[in-house]
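Remarks on the overall topology
So you can see what is in the structure, the chains are spelled out below.
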Amino acid sequence: MTKLIYLALSIILFSCGAKSSSETKDITVTEVKKTPVNTPVFDADSAYTYVARQVAFGPRVPNTESHKNCGDYLASELTRFGAKVYQQEATLTAYDGTKLEARNIIGSYNPDNKKRILLFAHWDTRPYSDEDPNPDNYKKPIDGADDGASGVGALLEIARQINLKNPGIGIDIIFFDAEDYGVPGFARDKYNDTSESWCLGTQFWAKNPHIPNYRAEFGILLDMVGAKNAVFYKEFTSMRYAARYVDEIWETARNLGYGKYFINANGGGVTDDHEFVIKGLGIPCLDIINYDENGFGDHWHTQNDNMDNISRETLKAVGQTVLEVVYNR
Ligand code: AHN
Ligand code: ZN
């Protein structure tokens, strides 16, 4: 009985207090945040395994058996993680006229929810090592542990977590094909290195989205997010079209303690899948990409883009940051 009176009293006192404080002039207005949701823990070992599994198929160059097998694996993983899976097949023409049997693999969560975030990465690997110090390697395909497998590996772990705990908004995870078949350095006297020679799978999807009139509030591209000592600057095109989301994500990363990866400074611009989603569908997109004044890292488009260079810590920084954004919107 006394407990109840106390409770009633404290409510009255509390509400009186609130009333009087609202009458004072210097009240601090704090932003009203959505009820915080406990973000799942991104398992870096799990993500690392998904990267290694892709690399174990061999280079995922379109028109090869490794590519076909890895594509089947990715679709079956998304299915296993409870996504509604769409597979989009297309014959795309490379810069040199080669016909590429390409496949975009799409996994959707809460497909009827109008509020959606798009998460994407390319899953194919480059048929060339045209940045390798040894010219004998120029025409060898890369393992693409970082360039290809890292972004997909992080997104597979995110898919696994989404399946374990529904974030309550729509999420589309897209693995784009034929991103990395752009004009190689050794052929630039013969072919112009235009941005259109890259990102063929994304260009196709932007013209033929898996859902007519597809919309998402914004998109996040993960490209080369697995290397030791990776750094992610605020990429130019991302800042031009999606600055508020870039700033939000970089701030989230900082608050989680990943500021050494997510550098709070503007970086250069890159031709990448996000550009074609922005231009084609008008969806603001940003690119989390390991890119600084020296380029994409010494391993980029060389034989050294292999598992030796993959860091669980980098995958964790990116994956946990993206999960935090997904679960707090
Ligand atoms: C260019 O090399 C023109 N853009 C970088 C896009 C890319 C290639 N991402 C991975 N590989
Ligand atoms: Zn590449």
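My aim in this report is to walk through the structure given alongside it, one point at a time. (Residues numbered from 1 in each chain as written. Chains lettered and ligands numbered in written order. Predicted model: local features only at pLDDT ≥ 70, side-chain atom pairs only at ≥ 80, totals over all residues. Heavy atoms only, no water.)

**Quick word on the overall build of the protein chain**
Going by this rule: A helix here means a DSSP run of H or I that spans at least four residues, while a strand means a run of E at least two residues long, and both kinds are numbered starting from the N terminus. Each residue is placed in one exposure class: buried if its accessible area under a 1.4 Å probe, protein chains only, is under 20% of its type's maximum, exposed if it is over 50%, and partly exposed if it falls in between. The Shrake-Rupley method, run with a 1.4 Å probe sphere, supplies the accessible areas, and residue values consider only the shown protein chains as cover.
In terms of helices and strands, the protein chain carries eight helices and eight strands. When burial is assessed residue by residue, the protein chain has 54% of its 329 residues classed as buried. Carbon together with sulfur atoms contributes 52% to the accessible area of the protein chain, which is approximately 15300 Å² in total.

**Things to note about the pattern of salt bridges**
As a reminder, the rule being used: When a carboxyl oxygen of Asp or Glu lies within 4 Å of a side-chain nitrogen of Lys or Arg, that pair is called a salt bridge.
As enumerated under the stated definition, the model contains 14 salt bridges in all. Here D130 and R126 are joined by a salt bridge, their closest N and O atoms 3.0 Å apart. One network of salt bridges, with partners in common, ties together K115, E217, E248 and R329.

**Points about the environment of D193**
Heads up, the condition is: Contact criterion: two residues are considered in contact whenever any of their non-hydrogen atoms come within 4.5 Å of each other. By the criterion applied in these results, polar contacts are pairs of N or O atoms within 3.5 Å in which, for protein atoms, one can donate a hydrogen and the other can accept it, and in which residues neighboring in sequence qualify only through two side-chain atoms.
One can find D193 in the loop between β4 (170-176) and α5 (200-207). Judged by its relative accessible area of 37%, D193 is partly exposed. Once you skip the residues sitting within four places of it in the chain, D193 turns out to touch V183, R188 and W198. Within polar-contact distance, the side chain of D193 engages the side chain of R188 at 3.5 Å.

**Considerations on the site of ligand 1**
Worth spelling out the cut-off: The near set for a molecule or strand comprises every residue that places at least one heavy atom within 4 Å of it. Residues are said to line a cavity or pocket when one of their atoms sits within 4 Å of a point; the points come from a 1 Å grid over protein atoms alone, cavities being sets where a 1.4 Å probe fits but cannot get out and pockets being open sets with protein on both sides within 12 Å along at least five of seven lines. Molecules are considered to sit inside a cavity or pocket once more than half of their atoms lie within 2 Å of its grid points. Residue polarity follows a fixed list, in which Ala, Val, Leu, Ile, Met, Phe, Trp, Tyr, Cys and Pro are nonpolar, Asp, Glu, Lys and Arg are charged, and the others, Gly among them, are polar.
Near ligand 1 the following residues occur: H122, D147, E179, D180, W198, D223, M224, T271, F296, W300 and H301. In this structure, a nitrogen atom belonging to ligand 1 sits 2.7 Å away from a side-chain N or O atom of D223. Across the complex, the protein chains shield 90% of the 310 Å² of accessible surface that ligand 1 would expose by itself. The pocket occupied by ligand 1, as judged from atoms lying within 2 Å of grid points, is the second largest pocket. Across the shell around ligand 1, the residue classes break down as four nonpolar, three polar and four charged.

**A look at the pairing of strand β1 (residues 84-93)**
In regular strands, side chains alternate between the two faces of the sheet. This is how it is decided: Think of it this way: DSSP has to see at least two bridges between two strands before they count as a pair.
With 10 bridges connecting them, β1 and strand β2 (residues 99-109) associate as antiparallel partners. Each residue of the ladder has a partner; that of Y86, found in β2, is I106. Once β1 ends, the chain turns through five residues before running back antiparallel as β2, passing G97 with a positive phi of about 95°.

**Focus on the coordination of the zinc ion (ligand 2)**
Spelled out, the test is: Coordinating donors are taken to be N, O and S atoms lying within 2.8 Å of the metal, or within 3.2 Å when the metal is Na, K or Ca; because water is excluded from the atom set, some sites may appear incomplete.
Looking at the zinc ion (ligand 2), the protein donor atoms are D147 (OD), D180 (OD), D180 (OD) and H301 (NE2), and they sit 1.9 to 2.5 Å from it. The sequence pattern describing where the donors of the zinc ion (ligand 2) fall on their chain is D-x32-D-x120-H. Residue D180 is found in the loop between β4 and α5, and its partner H301 is found in the loop between β8 (285-289) and α8 (312-326); the two are separated by 121 residues along the sequence. For the residue pair D180 and H301, the accessibility class agrees, reading buried in each case.

**Considerations on the packing of helix α4 (residues 145-164) against α8**
Heads up, the condition is: For helices, the fitted line uses only the C-alpha atoms of the stretch in contact; every axis is such a line through C-alpha atoms, and the angle between N-to-C directions lies from 0 to 180 degrees. Each angle receives one of four descriptions, namely roughly parallel if under 35 degrees, roughly antiparallel if over 145, roughly perpendicular if within 65 to 115, and oblique otherwise. When the near helix sits turned anticlockwise from the far one by under a right angle, the crossing is termed left-handed; a clockwise turn instead gives a right-handed crossing.
The interhelical angle for the contact between α4 and α8, taken along N-to-C directions, is 45°, at an axis separation of 10 Å. Here α8 runs oblique to α4, going by the angle between their axes. By crossing handedness, the relation of α4 to α8 is classed as right-handed. Along the contact surface, α4 presents S150, I158 and Q161, while α8 presents L315, G319, V322 and L323. Here the residues of the contact of α4 with α8 are counted per class, giving four nonpolar, three polar and no charged.

**A few points about helix α3 (residues 65-80)**
Residues spaced three or four apart along an α-helix face the same direction, because each turn holds 3.6 residues. How we decide: For a helix, the expected span equals 1.5 Å multiplied by the residue count minus one.
Here α3 is 16 residues long and its end C-alpha atoms lie 22 Å apart, about the 22 Å a rise of 1.5 Å per residue gives. Along α3, the positions that sit buried rather than exposed are S66, H67, C70, G71, Y73, L74, A75, E77 and L78. Its buried side turned inward, α3 meets α2 (44-56), β1, β2, α4 and β4. G82 lies just past α3 and shows a positive phi near 80°.

**As for the packing of aromatic side chains**
What counts, and what does not: Pairing of aromatic side chains here covers Phe, Tyr and the six-membered ring of Trp, requires ring centres within 6.5 Å, and sorts the geometry by plane angle: under 30 degrees stacked, over 60 edge-to-face, intermediate tilted. Charge-over-ring placement is defined geometrically: NZ (Lys) or CZ (Arg) within 6 Å of the ring centre, and within 35 degrees of the ring normal.
Here the structure, examined in full by the defined rule, presents 15 aromatic pairs. With a centroid separation of 6.1 Å and an interplanar angle of 10°, the aromatic rings of Y138 and F186 are classed as stacked. Here F186 lies in the loop between β4 and α5 and Y138 lies in the loop between β3 (116-122) and α4, a separation of 48 residues in the sequence. Taken together, a centroid distance of 4.2 Å and an interplanar angle of 10° make the contact between F218 and Y245 stacked. Placement of the pair is F218 in strand β5 (residues 218-223) and Y245 in helix α6 (residues 236-255), with a sequence separation of 27 residues. Of the two residues examined, F218 and Y245, each falls in the buried class. A cation sits over an aromatic face here: K279 above F276, 5.9 Å from the ring centre. The residue whose ring lies beneath R312 is Y48, and the NZ or CZ to ring-centre distance is 3.8 Å.

Function cannot be inferred from these measures alone, as they are strictly geometric.
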